[in-house]
Amino acid sequence: MSNLSTRTLRVTVPHAIRSKLVVGGQDARHEKIKAVLGELFRQERIEGYIRPYDETRQYAERLIELAKKYGDRHVGTMQLMDYWLTDKDLIHKVFKVFVPRYANTIGPYTNSYRLPIEYGKFQQPFKQRQNIVLEMKDNPYPRIIPDPRNYSNILSNVLLNEARKEYRNEKKKT
């Protein structure tokens, strides 16, 4: 018998965040998480308000971890996938795309990046709104934070390196 139930993933979310997430109680909160989870697994990069998206990140991590650990033949894992993913084609995507992609990966499978705070775009003109970008690691899209550029072959750096070498050689001789 499995120790996994369909509604619990043992993801700890502070009560203050949970209470402010969605008006309508736990069922409305679950529906919001299901919608964001489906969007994340389908598009692999999404942008939105920090509270539901940050909580959804933890659920996505846990679902992928369970899929890696137990596979698609485990009853409890399949019940959890069926509950949290409303689009059933996404269940196949988790097992056929994400599990092989993260088979040798230990640790987080998602990245989140905070976007600049936006003021005055909503009902209250002075209220701030923090958005984030949530993405699956190793997705096919270009990186949000680009790789650092290599500046060692720029003419000024080459000339400075050669001058540094000459200076050190002259200092060794004396």
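As recorded in an unreviewed UniProt entry, the chain goes by Large ribosomal subunit protein bL17m and comes from Adineta ricciae. One UniProt comment on the chain, placed under Sequence similarities (unreviewed entry), says "Belongs to the bacterial ribosomal protein bL17 family."

K.L.:
Describe in detail the side chain of Thr 77, supporting the description with residues and values.
P.N.:
Along the polypeptide, Thr 77 turns up in helix 4 (residues 75-84). A polar atom in the side chain of Thr 77 sits 3.0 Å from the side chain of His 74.

K.L.:
Any details on helix 3 (residues 50-70)? Residues and values, ideally.
P.N.:
Under the 1.5 Å per step criterion, the end-to-end length of helix 3 is 30 Å for 21 residues, consistent within 8% with the ideal 30 Å. When we look at burial in helix 3, the residues that qualify are Ile 50, Pro 52, Tyr 53, Glu 55, Thr 56, Tyr 59, Ala 60, Glu 61, Leu 63, Ile 64, Leu 66 and Ala 67. Gly 71 lies just past helix 3 and shows a positive phi near 80°.

About the cut-offs
- Residues numbered from 1 in each chain as written.
- Predicted model: local features only at pLDDT ≥ 70, side-chain atom pairs only at ≥ 80, totals over all residues.
- Heavy atoms only, no water.
- UniProt positions renumbered as here; feature names shortened; annotations may be inferred.
- Helix = DSSP H or I, 4+ residues; strand = E, 2+ residues; numbered from the N terminus.
- Polar contact = N/O pair within 3.5 Å; in protein donor to acceptor, adjacent residues only side chain to side chain.
- Expected span 1.5 Å × (residues − 1).
- Buried < 20%, exposed > 50% of the residue type's maximum accessible area, 1.4 Å probe, protein only.

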